[in-house]
Every structure is written in structure tokens, then in C-alpha cells.
Amino acid sequence: FFAFVCELMRVSISDNRVLTYGLYLPQLLAMYMCKRVFRKNLDITLVIDDLPAQYGIIHGNFISKKLKQMVGKIELNVLNNKNIIDHFVLLSEHMRDAIELKERNYTVVEGIAKAKQISNVNLQIVNSNKKIVFYAGTLDPQFGIDLMLDAFSLIEGDEYEFWICGNGGARNR
């Protein structure tokens, strides 16, 4: 928390615009503190890549689950405080609904790109005749990985490959 506050204060001296990444409670509380107490004109953009507590699976025993749920509620309150975060960058429209942004200022950056659109990445595709479907994320039935695998198995022929990267309860399926 204190490291985030110090860094926000240092950066905001030369520019009142700050871009931060990820949902991490100490970082969110530091933004709250800086904006409310020290730098009211601070313009904060938050890039959210995942919603672990609000929309994800919470592992652990009863106490740790309750603590994680409490942290998720605090995060949600900070996110929805219109006086703290000015702009959001999200990976899907569904994220906006999950964190209840409603009419807030946000941009959705979908994570889909064709190989020819990525000029600075060296992609080596073994068989260029294949159509590759790529999934990266949590491998858990709650997020539909079983449904995706079942659906993919119904495709006849061998022109498609399903590349999966991630970890979770369905990893060994």
C-alpha cells in the first residue's frame, strides 16, 4: 500500500494522468488515498485483466473464502466510486456488467487477433492448413471448459486444432 502511494505521488508530480494495471486491493486503496487526500486532479485509468474475487472461483477454507469475498466487496466499492477511477480498460463487455460500471467511461479491448495482424511476434505454426482455436484461462468446469471440449470434439475432420493454456480443476481432462 505505502509503496503504491509513494509511486503514485512521485509519478503525479510530472503528469496528473496515471495508468495502472490489475485488481490488487492495496493498489486500489492507494489510488483512493492519493485521489481523495493528496491529488484531487489525478486522472486514473485502470486496466482490468481479470476479476478473481467478483467473478471467479474462490478456493480455500470457509474463513479464507469469506475474507476473499470481503476483499472483493471492498474492491467493487472502490471501482464503483466515481471519484476515484476515471477510466477503465476491460478485456470484455461482460467485465463491465460484472463490476457494475453502467455508464462509466470504459474501453473494451478484446483479446482476439489474426496472425497477420501481429507484426512483431514470431509465430511458428507447424501446419498452416490448420485452423487454430486458442483458449487461455482458468481450466475449470465453472467457466465452461468442459463445454468447449465437448463441443470441439463434435467437429469432424482434422482442419481444426484446439490449443489450451491454463491451469485448474479440469487440467487433466
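Here the residue index of a chain counts from 1 through its sequence in written order. Predicted model: local features are reported for residues with pLDDT of at least 70 only, side-chain atom pairs are reported and counted for 80 or more only, and whole-chain, interface and lining totals are derived from all residues. Based on all heavy atoms of the structure, the side-chain values leave hydrogens and waters out of the count.

(A) Fine view of the overall build of the protein chain. By definition, any uninterrupted DSSP run of H or I lasting at least four residues is a helix, any uninterrupted run of E lasting at least two residues is a strand, and each is numbered from the N terminus. Scanning the protein chain for helices and strands turns up 6 helices and 6 strands. Counting helices and strands in the order they occur from the N terminus, the protein chain gives α-β-α-β-α-α-β-α-β-β-α-β. The rule is simple: take the accessible area with a 1.4 Å probe, protein chains only, and divide by the maximum for that residue type; under 20% is buried, over 50% is exposed, in between is partly exposed. Counting the 173 residues in the protein chain, one finds 26% classified as buried. Taking as baseline every contact in the protein chain between residues at least 6 positions apart, the subset at least 24 positions apart corresponds to 62%. Note on contacts: a residue pair qualifies if any of its non-hydrogen atoms lie within 4.5 Å across the two residues.

(B) Geometry of the sheet that holds strand β3 (residues 87–90). Criterion used throughout: strands pair if DSSP finds at least two bridges between them. If you trace the 4 strands from one edge of the open sheet to the other, you get β1-β2-β3-β4, paired in parallel fashion. On the outer flanks of this sheet lie β1 (17–21) and β4 (106–108), each paired with one strand and no other. The sheet shows a mean angle of 15° between the axes of neighbouring strands, taken without regard to direction. With 5 bridges joining them, β1 and strand β2 (residues 43–48) adopt parallel strand pairing. Residue pairing in the sheet places Tyr 21 in a bridge with Val 47 of β2. Structural elements are reduced to axes, namely lines fitted to C-alpha atoms, with helices fitted over the stretch in contact, and the angle between N-to-C directions of any two is expressed from 0 to 180 degrees.

(C) Focus on the nonpolar core. Grouping buried Ala, Val, Leu, Ile, Met, Phe, Trp, Tyr and Cys residues that are joined through side-chain atoms within 4.5 Å yields what is termed a nonpolar core. Counting 25 residues, the largest nonpolar core has Leu 46, Ile 48, Leu 79 and Ile 85 as the members making the most contacts within it. Secondary structure elements with two or more residues in this core: α1 (2–14), α2 (25–38), β2, α4 (62–79), β3 and α5 (93–98). The element that contributes the greatest number of residues to this core is α2, accounting for 4 residues. With residues near it in sequence (within four places) discarded, Leu 46 still touches Thr 20, Tyr 21, Gly 22, Leu 23, Gln 27, Leu 28, Met 31, Leu 79, Ile 85, His 87, Phe 88 and Val 89.

(D) Seen up close, the pattern of salt bridges. Salt bridge, as used here: a side-chain nitrogen of Lys or Arg that lies within 4 Å of a carboxyl oxygen of Asp or Glu. Going through the model one piece at a time under the given rule, you end up with 3 salt bridges. Measuring nitrogen to oxygen at the nearest pair gives 2.5 Å for the salt bridge that ties Glu 7 to Arg 10. Here Glu 7 pairs with Arg 10, and both are found in helix α1, just 3 residues apart, close to one helical turn. In this structure, Asp 86 engages Lys 35 in a salt bridge whose closest nitrogen and oxygen atoms are separated by 2.5 Å. Residue Asp 86 is found in the loop between α4 and β3, and its partner Lys 35 is found in helix α2; the two are separated by 51 residues along the sequence. On the basis of relative accessible area, Asp 86 is assigned to the partly exposed category, the value being 24%.

(E) Up close: a nonpolar patch on the surface. Taken together, the side chains of Phe 1, Phe 2, Leu 29, Met 33, Val 37, Phe 38, Phe 62, Ile 63, Leu 67, Met 70 and Ile 74 present a nonpolar region at the surface, about 1,100 Å² in accessible area. Mapped by element, the contributors of at least two residues to the nonpolar patch are α2 and α4. One can find Met 33 in helix α2. The class for Met 33 is partly exposed, based on a relative accessible area of 31%. Here a patch means residues that are over 30% exposed by relative accessible area and free of salt bridges, tied together within 9 Å if like-charged and within 5 Å if nonpolar (Val, Leu, Ile, Met, Phe, Trp, Tyr). Accessible surface is estimated by sampling points in the Shrake-Rupley manner with a 1.4 Å probe; for residues, cover comes only from the protein chains shown.

(F) Quick look at the confidence of the model for the protein chain. For the protein chain, the average pLDDT comes to 78, and 84% of its residues sit at 70 or higher. Across the protein chain, element-level confidence peaks in β3 with a mean pLDDT of 90 and bottoms out in helix α3 (residues 52–55) with 52. A residue's pLDDT is the predictor's confidence in that residue, given on a scale from 0 to 100.

(G) Focus on the pairing of β3. Along β3, the buried face is formed by Phe 88 and Leu 90; none of His 87 and Val 89, which line the opposite face, is buried. Bridge analysis of β2 against β3 gives 4 bridges, and the strand direction is parallel. Bridging from a neighbouring strand, Thr 45 pairs with His 87 of β3. Look down the strands so they point away from you; if the path from the first strand over the helix to the second goes clockwise, the crossover is right-handed. With α5 bridging β3 and the parallel β4, this β-α-β connection has right-handed handedness.

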